[in-house]
Amino acid sequence: MIVVMKPGATPAEIEHMIRRVKDLALTPHVIRGTERIVIACVGDERFKAPEQLAVGAGVEKVIPVLARYKIASREVKAEPTVIPLGSGSLGARRLGIIAGPCAVENRAMILETARAVKEAGAIALRGGAFKPRTDPYAFQGLAEEGLEYLAEAREATGLAVVTEVMAPEQVPLVARYADVLQVGARNMQNFNLLAAVGESAKPVLLKRGMSADFEEFLLAAEYVLSRANKQVILCERGIRTFEQYTRFTFPVAMVPALKQATHLPVIADPSHATGRADLVEPVARAAIAAGADGLIVEVHPDPEQALVDGAQSLTFAQFRRLVESCRKVAEAVGRTL
Ligand code: PEP
Ligand code: MN
């Protein structure tokens, strides 16, 4: 349930209600909206009487939250969560694009890519230093050396750095270099990892598991939010279906469905969703038309030579065209890019 405080509730009244919630053996999460403060009460609510809280000074009402994902729910916070990122943000009227190679391969290529995507309009640089590879003999990433190159690229361009963290024990290391911690599709239900990034001060980019359903995705976000971290970006990256023609299947309806259910920013990954460079731009446009707050796109200086995911990586010229055409779609749906 949530305790909705009156617009003019005093800090003492809010403190008092936080204590009352704790007395009921529930965990209070204070969510500050533009007009009022609400206190989300999470835990086993079965025997807790909302009337006990409703009589508190400064309380407007106490309402049940039907969704199992509580803090992620729009029921708890109606206005969108905006997450600052580089020179822009995700979740506001202006969209944000994260771009870069699948993996950091060497210093020169990440610096070259960073400059090119910055020039084209990206606000953040992506690139894996720890790569979750299906094949144990495939390139696994440069690890800390890759993180150093990403940090250097940030210094050179001002782009924020988005990079994957694969294990709880890697969180302190990756958080030292990254601006956003990416949790990959294959780790969406790694609950220890979700708890670990939930203790970090860095925003989390959570990718939908390829076999996870809508509620499982939001409950994974809730794992992070139920810790200290309230900055989660949801990423639809395609799911596995019977269709093998594209790498995954991009469920475009998930974009507006997620936006209705949650206040968190929702971005799309048309690169992994399709696996094919020629399909990336049309799917990106569809995602933006459907209400996505941004994109994460794979870009490589020479896709033919890429160590990972070359077939879906855009050249610099293709990326520039994507940004231009997505800008028009954004404007058509009342957004900017
Ligand atoms: C990636 O973004 O590099 C990646 C591995 O994506 P996903 O986890 O969605 O497969
Ligand atoms: Mn990739």
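Details of the structure are given in the entry above.
Residues numbered from 1 in each chain as written. Chains lettered and ligands numbered in written order. Predicted model: local features only at pLDDT ≥ 70, side-chain atom pairs only at ≥ 80, totals over all residues. Heavy atoms only, no water.

Peer 1: Please clarify how the site of ligand 1 should be interpreted in this entry.
Peer 2: As a structural note, the neighbourhood of ligand 1 is formed by Cys102, Arg126, Lys131, Glu164, Gln182, Gly184, Ala185, Arg186, Lys207, Arg237, His272 and Glu298. Residue lysine 131 places a side-chain N or O atom 2.9 Å away from an oxygen atom belonging to ligand 1. In this structure, arginine 237 approaches ligand 1 through a side-chain N or O atom, which is 2.7 Å from an oxygen atom. Contact with the protein chains removes 97% of the 290 Å² of surface that ligand 1 exposes when unbound. A class-by-class count of the residues in the shell around ligand 1 yields two nonpolar, three polar and seven charged. (Near = heavy atom within 4 Å. Polar contact = N/O pair within 3.5 Å; in protein donor to acceptor, adjacent residues only side chain to side chain. Areas by Shrake-Rupley, 256 points an atom, 1.4 Å probe, with all protein chains shown as cover. Nonpolar A, V, L, I, M, F, W, Y, C, P; charged D, E, K, R; others polar.)

Peer 1: What is the right way to look at the coordination of the manganese ion (ligand 2) in this model?
Peer 2: For a metal bound by four donors in tetrahedral geometry, the ideal donor-metal-donor angle is 109.5 degrees, whereas six donors in octahedral geometry ideally sit at 90 or 180 degrees. Donor atoms from the polypeptide that coordinate the manganese ion (ligand 2) comprise Cys102 (SG), His272 (NE2), Glu298 (OE) and Asp309 (OD), at 2.0 to 2.3 Å from the metal. Counting gaps between the donor residues of the manganese ion (ligand 2) yields the pattern C-x169-H-x25-E-x10-D. Within this pair, whereas cysteine 102 is found in the loop between strand E7 (96-100) and helix H3 (107-120), its partner glutamate 298 is found in strand E14 (residues 294-298), the two being separated by 196 residues in sequence. Given the relative accessible area of 0%, glutamate 298 is considered buried. (Donors = N, O, S within 2.8 Å, 3.2 Å for Na, K, Ca; no water. Helix = DSSP H or I, 4+ residues; strand = E, 2+ residues; numbered from the N terminus. Buried < 20%, exposed > 50% of the residue type's maximum accessible area, 1.4 Å probe, protein only.)

Peer 1: Would you mind showing me how to read the packing of helix H10 (residues 277-289) against helix H11 (residues 316-332) here?
Peer 2: A pair of packed helices is characterised by two quantities: the angle between their axes and the separation of those axes. Here H10 crosses H11 at 25°, and the two axes come no closer than 9 Å. With respect to H11, the axis of H10 lies roughly parallel. Judged by the sense of rotation from one axis to the other, the crossing of H10 with H11 is right-handed. Between H10 and H11, the contacting residues are Val280, Glu281, Ala284, Arg285, Ile288 and Ala289 on the first element and Arg321, Leu322, Ser325, Cys326, Val329 and Ala330 on the second. (Axes fitted to C-alpha atoms, helices over the stretch in contact; angles between N-to-C directions. Parallel < 35°, antiparallel > 145°, perpendicular 65-115°, else oblique. Left-handed = near helix turned anticlockwise from the far one by under 90°. Contact = heavy atoms within 4.5 Å.)

Peer 1: Hey, could you run me through the packing of aromatic side chains in this one?
Peer 2: Working definition: an aromatic ring pair is given by the centre-to-centre distance plus the angle between the planes. According to the stated counting rule, one finds one aromatic pair in the structure shown. When the ring centre of phenylalanine 248 is taken as reference, the NZ or CZ atom of arginine 237 above it lies at 4.1 Å. (Phe/Tyr/Trp six-rings, centres within 6.5 Å; stacked < 30°, edge-to-face > 60°. Lys NZ or Arg CZ within 6 Å of the ring centre and 35° of its normal.)

Peer 1: Would you mind showing me how to read the sheet that holds strand E2 (residues 27-32) here?
Peer 2: Strand pairing in a sheet takes place through backbone hydrogen bonds and is either antiparallel or parallel in direction. Spatially, four strands are ordered E2-E3-E1-E4 in an open sheet, and the strand pairing comes out antiparallel. In the strand order of this sheet, the two ends are held by E2 and strand E4 (59-63), each with one partner. Between one strand and the next, the sheet's axes are offset by a mean angle of 20°, whatever the strand orientation. Where strand E1 (residues 2-5) and E4 come together, four bridges link them in antiparallel fashion. Bridge pairing links valine 3 to valine 62 in E4. Along the sheet face, helix H1 (residues 11-23) touches E1, E2, strand E3 (37-42) and E4 and points at about 10° away from the line of E3. (Pairing = 2+ DSSP bridges.)

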